[in-house]
Amino acid sequence: MRVLVQPQPFDPATLLDGFGSGAGAVVTFTGLVRGDGGIVALDIEHYPGMTERALQAHATAAMQRFGLTDVLVVHRHGRIAVGEAIMMVATAAPHRRGAFEAADFLMDWLKSRAPFWKRDIGPEGPRDWVAATDADEAALSRWDDPPG
Amino acid sequence: MTLDVLYFAWLRERVGVPRERIDTDAATVRDLAADLAGRDDWHAAALSDLTAVRVAIDQQLADLDAPLTGAREVAFFPPMTGG
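Residues numbered from 1 in each chain as written. Chains lettered and ligands numbered in written order. Predicted model: local features only at pLDDT ≥ 70, side-chain atom pairs only at ≥ 80, totals over all residues. Heavy atoms only, no water.

Q: Run through the overall build of chain B, naming residues and quoting values.
A: Secondary structure assignment for chain B yields 3 helices and 5 strands. The helix and strand sequence of chain B, counted from the amino end, reads β-α-β-α-α-β-β-β. Computed over C-alpha atoms, the radius of gyration of chain B comes to 12 Å, within 12% of the 12 Å expected from 2.2 N^0.38 for 83 residues, which places it in the range of a compact globule. With 83 residues in all, chain B has 53% of them scored as buried. In chain B, the share of contacts with a sequence separation of at least 24, taken over all contacts with a separation of at least 6, comes to 50%. When the accessible surface of chain B is split by element, carbon and sulfur atoms take 48% of a total near 4,000 Å². A gap of 5 Å separates the mean positions of the 8 positive and 14 negative side-chain charges of chain B. (Helix = DSSP H or I, 4+ residues; strand = E, 2+ residues; numbered from the N terminus. Rg over C-alpha atoms; globule rule 2.2 N^0.38 Å. Buried < 20%, exposed > 50% of the residue type's maximum accessible area, 1.4 Å probe, protein only. Contact = heavy atoms within 4.5 Å. Areas by Shrake-Rupley, 256 points an atom, 1.4 Å probe, with all protein chains shown as cover. Lys, Arg positive; Asp, Glu negative; His and termini not counted. Charge placed at Lys NZ, Arg CZ, Asp CG, Glu CD.)

Q: Help me get a handle on the interface of chain A and chain B, residues and values and all.
A: Tallying the contact residues gives 25 residues for chain A and 21 residues for chain B. Buried area between chain A and chain B, both sides added, is near 1,900 Å², and the carbon and sulfur share of it is 56%. Per-residue buried area on chain A facing chain B is highest for A:Tyr47, A:Met50 and A:Trp117; these three make up 35% of the total on that side. Note that A:Arg119 and B:Glu13 form a salt bridge whose closest N and O atoms lie 2.6 Å from each other. Joining chain A to chain B, the criterion identifies 14 residue pairs in polar contact (both at pLDDT 80 or more). Of the residues contributing to the side of chain A that touches chain B, the split by class is 15 nonpolar, 4 polar and 6 charged. (Buried area = accessible area lost by both parts, 1.4 Å probe. Salt bridge = Lys/Arg side-chain N within 4 Å of Asp/Glu carboxyl O. Polar contact = N/O pair within 3.5 Å; in protein donor to acceptor, adjacent residues only side chain to side chain. Nonpolar A, V, L, I, M, F, W, Y, C, P; charged D, E, K, R; others polar.)

Q: Got a sec to walk through the packing of aromatic side chains? Specific residues and values, please.
A: Tallied over the entire structure, the rule returns 8 aromatic pairs over all chains. Ring centres 5.0 Å apart and planes at 15 degrees place the aromatic pair A:Trp117 and B:Phe8 in the stacked group. Taken together, the residues span two chains, with A:Trp117 in strand S7 (residues 116-122) and B:Phe8 in the loop between strand S1 (2-7) and helix H1 (9-15). On the basis of an interplanar angle of 15 degrees and a centroid distance of 6.2 Å, the ring pair of B:Tyr7 and B:Phe76 is categorised as stacked. Highlighted residues: B:Tyr7 in strand S1 and B:Phe76 in strand S5 (residues 73-77), separated in sequence by 69 residues. When sorted by exposure, B:Tyr7 lands in the same class as B:Phe76, which is buried. (Phe/Tyr/Trp six-rings, centres within 6.5 Å; stacked < 30°, edge-to-face > 60°.)

Q: Explain the environment of B:Gly16 to me, and be specific about the residues and the numbers.
A: Assignment of secondary structure puts B:Gly16 in the loop between H1 and strand S2 (19-23). Between the alpha carbons of B:Gly16 and B:Val53 there is a distance of 17 Å; along the sequence they are 37 residues apart.

And the structure:
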């Protein structure tokens, strides 16, 4: 299991080299900054200390709940330009369903419960903080039912 | 009780500092927010309305009515927008 919280860009290919060795299925998801509304970048604030602890705890929960053999979570903070990767999750499992579901579960949690806050940056400078959405909250509640 | 109080995103901007060490007799997070909101206009602008405010006690997500017994660090922030 590996959790990285960092301002620097990351290279998915390098991070995935050797990931999931021996598993039957590897799923990866990479989130990129969209240029909606003419923005040029996002600024991402986080809660140093809590972020790392919360990501570790949730990655561990995903390992157990979905029977993963490995998990990787990378999330950047600071200024991230349109087109760059913000974050990535990778899951490795014996079969595809566990790997897909665990990646989905991790993403829904990262959207609404990991201590990150996005702010839009336009050509003129900082704009508003990005508001949380009901859709993201609803997506997270899908996982409330006990497994099985 | 002495507490480190942290603020993030627009709460940080309204209060004007990212963290501060304060003394309080508050029993719960909600009491602490009321105590702080009564101290000056900046804290009031951040903490008078808690409908869009989330909290963590010692880096664990918590409810507004959670007790502060034994707490060292309390953080106030908007709903998270990661991913």
